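Next come the chains, spelled out residue by residue.
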Amino acid sequence: MKAIRAYAPASIGNVSLGFDVLGAALAPVDGTRFGDEVEVKEAAHFSLETIGAYAHKLPDDADSNIVTKCYHYFCEKMLNDYKAVSPVAITLHKNLPIGSGLGSSASSIVAAFAALNALFDSPFDDDTLLTMMGELEGQISGSIHYDNVAPCFLGGMTLMTGSPSPVTLSLPLNDQWYYAICYSGISVSTAAARDILPKQVDMATALTFGRQLGVFVHALHSKAFSLAASVMQDVIAEPYRKSLLPGFDEARAFSEREGALAFGISGSGPTVFAVCDSQNQAEKIAAYLDKNYVQNDDGFSHVCQIPKLGTLVSKA
Ligand code: HSE
């Protein structure tokens, strides 16, 4: 019986300066696996089993689970293309906390689609799969954005094009940057964190957003990494969202005092990240955040880099 397993990493949405259009995959430097995993195998009937550290936070009924929705959507697309589908037994290893700003829902969605696509002999190309992943992500967060699903699927740091093909562009990475990331342990719903944002931005904000994104992309391609870091400011969401994040200002102040190149909210929070130019600096900031930004037993910190590879698919 054919069986496939897919691992899809955590990710930082927005990366401060690219609201909804920029994202980066995450890999802890100590080798910890930091993402959801989905196993699919051929079966007589559809079934979903959820296991892992955060499985108890998922809805009880399988129909409400996003992975079940992924399967139904995958089948619908297959049937539209006159391709055969069959029932599957799915196991979701829910390893990422929900409402954490680490691309937890994206990780489940991406792992599910990647595993299903492999099980059925790759009927869809990457752009088609990414579009499907974005649509499912949109069902959860209330708006379609690819800044978690794209880096989670493809790895690296990705910039959305707004086109169906290619859906994303991969940006050059700086191997010398380390990311101290810290999840505070509280849950912030993406939909709620989007609702508190103004529906329009003023001219000065729009100009800053455009300038920063243009400079950032050019600077990465030119390997002008200090310049790139200097424009990693969130002018769209952070001013509003930080009110949802106890201890945010202190965490930013400490990171800046320690010389972090940039500091921001990962996705819609509450996870924060500090960009550091040495592992040592990142370890120190992560230790501080672990002690001072974490609010309860669910919180944690990691020192990460951005992996070149995203989702890993193998035979189960
Ligand atoms: N770009 C999205 C947001 C990411 O900030 O709302 C959510 O994870």
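Residues numbered from 1 in each chain as written. Predicted model: local features only at pLDDT ≥ 70, side-chain atom pairs only at ≥ 80, totals over all residues. Heavy atoms only, no water.

A. Structural detail: unusual backbone geometry. A cis amide bond, omega -5°, links Ser-165 with the succeeding residue Pro-166. Relative to the helices and strands, Pro-166 resides in the loop between β8 (157-160) and β9 (168-171). Residues other than glycine seldom take positive phi values, yet Lys-223 does so here, at roughly 60°. By the element assignment, Lys-223 lies in the loop between α6 (203-221) and α7 (225-230). Among the residues examined, Lys-223 registers a relative accessible area of 62% and is labelled exposed. (Helix = DSSP H or I, 4+ residues; strand = E, 2+ residues; numbered from the N terminus. Buried < 20%, exposed > 50% of the residue type's maximum accessible area, 1.4 Å probe, protein only.)

B. A look at the domain arrangement of the protein chain. Looking at the assigned domains, one finds that the protein chain contains domain 1 (3-171 + 308-315) and domain 2 (178-305). The C-alpha centroid of domain 2 is placed 23 Å from the C-alpha centroid of domain 1. Contacts between domain 1 and domain 2 engage 33 residues on the former and 42 residues on the latter. When the buried surface of domain 1 facing domain 2 is broken down by residue, Ser-16, Leu-17 and Phe-19 rank first, second and third, together holding 25% of it. Taken together, the connections running from domain 1 to domain 2 amount to 2 salt bridges. Across the pair Arg-194 and Asp-20 runs a salt bridge whose closest N-O atoms are separated by 2.6 Å. Applying the counting criterion to the domain 1 and domain 2 interface returns 12 residue pairs in polar contact (both at pLDDT 80 or more). When residues of the side of domain 1 that touches domain 2 are traced back to their parent elements, those giving at least two are β2 (11-13), β3 (22-25), β4 (27-28) and β8. (Domains from an automatic or database assignment. Contact = heavy atoms within 4.5 Å. Buried area = accessible area lost by both parts, 1.4 Å probe. Salt bridge = Lys/Arg side-chain N within 4 Å of Asp/Glu carboxyl O. Polar contact = N/O pair within 3.5 Å; in protein donor to acceptor, adjacent residues only side chain to side chain.)

C. Region of interest: the packing of aromatic side chains. Summed over all chains, the structure comprises 10 aromatic pairs. Centroid distance Phe-34 to Phe-300: 5.9 Å. Interplanar angle 80°. Geometry classified as edge-to-face. Of this pair, Phe-34 sits in the loop between β4 and β5 (35-42) while Phe-300 sits in strand β13 (residues 300-305), and the two are 266 residues apart along the sequence. When sorted by exposure, Phe-34 lands in the same class as Phe-300, which is buried. Aromatic pair Tyr-183 and Phe-300: ring centres 5.5 Å apart, planes at 55°, arrangement tilted. Separated by 117 residues along the polypeptide, Tyr-183 in strand β10 (residues 178-183) and Phe-300 in strand β13 bring together distant segments of the chain. For the residue pair Tyr-183 and Phe-300, the accessibility class agrees, reading buried in each case. Here the aromatic cluster, defined as three or more aromatic residues joined through ring pairs, consists of Phe-34, Tyr-183 and Phe-300. Over the ring of Tyr-7 we find Arg-33, and its NZ or CZ is 4.4 Å from the ring centre. (Phe/Tyr/Trp six-rings, centres within 6.5 Å; stacked < 30°, edge-to-face > 60°. Lys NZ or Arg CZ within 6 Å of the ring centre and 35° of its normal.)

D. Structural detail: the site of the ligand. Around the ligand, a shell composed of Asn-14, Phe-19, Asp-20, His-145, Asp-147, Asn-148, Thr-190, Arg-194, Arg-241, Gly-267 and Ser-268 is seen. One nitrogen or oxygen atom from the side chain of Asn-14 is found 2.7 Å from a nitrogen atom belonging to the ligand. Between an oxygen atom of the ligand and a side-chain N or O atom of Arg-194, the distance comes to 2.6 Å. Relative to its unbound accessible surface of 260 Å², the ligand loses 97% to contact with the protein. Considered class by class, the residues forming the shell around the ligand number 1 nonpolar, 6 polar and 4 charged. (Near = heavy atom within 4 Å. Areas by Shrake-Rupley, 256 points an atom, 1.4 Å probe, with all protein chains shown as cover. Nonpolar A, V, L, I, M, F, W, Y, C, P; charged D, E, K, R; others polar.)

E. Broad picture of the UniProt feature "domain: GHMP kinase C-terminal" (unreviewed entry) in the protein chain. According to UniProt, the "domain: GHMP kinase C-terminal" (unreviewed entry) feature falls on residues 220-294. Annotation note: span residues 220-294, helix share 48%, strand share 12%, distance between end C-alpha atoms 32 Å. (UniProt positions renumbered as here; feature names shortened; annotations may be inferred.)

F. Spotlight on the sheet that holds β5. Pairing within the open sheet is mixed, and its 5 strands lie in the order β6-β7-β5-β1-β14. Edge positions in the sheet fall to β6 (47-51) and β14 (312-315), since each of these pairs with one other strand and no more. Across this sheet, the average inter-strand angle for adjacent strands is 15°, counted without regard to direction. Across 4 bridges, the pairing between strand β1 (residues 3-9) and β14 is antiparallel. Note that in β14 the partner of Ile-4 across the bridge is Lys-315. Packed on one face of the sheet, helix α1 (residues 66-80) meets β6 and β7 (88-93) and runs near 145° to β7. Along the sheet face, helix α2 (residues 104-119) touches β1, β5, β7 and β14 and points at about 30° away from the line of β5. (Pairing = 2+ DSSP bridges. Axes fitted to C-alpha atoms, helices over the stretch in contact; angles between N-to-C directions.)

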